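A structural walkthrough
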Amino acid sequence: MAISTRPPRTISDIKTHSGRGSGDHQIYRDYFQVGALELERWRRTREREAASSRIAGIDSRIADIDKEKEMLLAGAAAACVTVDGISKPTEKKKSSGLRIKY
């Protein structure tokens, strides 16, 4: 058996048709590019709509928080109003431990 002196084949030895196309302009490539751009535009539009709805939800929750905060502060202010001893804040008596009836 003879020893081969030919170098081993590598990936650069694979013959392809890449780059052998004609230099003239091929219109189908433009149509494909237009289709790809339309798909990307549709995806970006959907992404913007989703982001807008998330922002609207966040804004409505912030408004609800502000309303609830104002109600709580108004209730606390009304409970703490003392005008010359006329109204005093209500205090609960603390129980003096566990009471069990027999």
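Our subject is the structure listed above.
Keep in mind it's a predicted model, so treat the numbers as computed, not measured. Residue numbers run consecutively from 1 along every chain, following the written order of its sequence. Local features in this predicted model are restricted to residues whose pLDDT is 70 or higher, and side-chain atom pairs enter the listing and the counts only when it is 80 or higher, whereas totals over whole chains, interfaces and linings include all residues. Calculation of side-chain values draws on the structure's entire complement of heavy atoms; hydrogens and water are dropped beforehand.

Secondary structure follows DSSP: runs of H or I at least 4 residues long count as helices, runs of E at least 2 residues long count as strands, and numbering of each begins at the N terminus. The helix and strand tally for the chain stands at one helix and zero strands. Exposure classes here rest on a 1.4 Å probe applied to the protein chains alone. A residue is buried below 20% of its type maximum, exposed above 50%, and partly exposed in between. Across the 102 residues of the chain, 0% fall into the buried class. For the chain, the accessible area works out to roughly 10900 Å², and carbon and sulfur atoms hold 59% of it. Note on areas: Shrake-Rupley, 1.4 Å probe, and residue coverage restricted to the protein chains presented here.

What follows deals with a positive patch on the surface. Exposure above 30% relative accessible area and the lack of any salt bridge qualify a residue for a patch; like charges then connect within 9 Å, and the nonpolar side chains Val, Leu, Ile, Met, Phe, Trp and Tyr within 5 Å. Salt bridges, as used here, are contacts in which a Lys or Arg side-chain nitrogen is within 4 Å of a carboxyl oxygen on Asp or Glu. Lys and Arg are tallied as positive, Asp and Glu as negative. Neither His nor the chain termini are counted. Charged groups are reduced to one reference atom each: NZ for lysine, CZ for arginine, CG for aspartic acid, CD for glutamic acid. A surface patch of like charges, here positive, comprises Arg 6, Arg 9, Lys 15 and Arg 20. Considering the arrangement of structural elements, one finds Lys 15 in the segment before α1 (27-79). What makes Lys 15 exposed here is its relative accessible area of 73%.

Turning next to the pattern of salt bridges. The tally for this structure, following the rule as stated, stands at two salt bridges. Notably, a salt bridge pairs Arg 44 with Glu 40, separated by 3.9 Å at the nearest N-O pair. Taken as a pair, Arg 44 and Glu 40 lie in helix α1 at a separation of four residues, close to a single helical turn. With a shortest N-O distance of 3.3 Å, Glu 47 and Arg 44 are connected by a salt bridge.

Remember that the coordinates give geometry; whether it matters functionally is a separate question.
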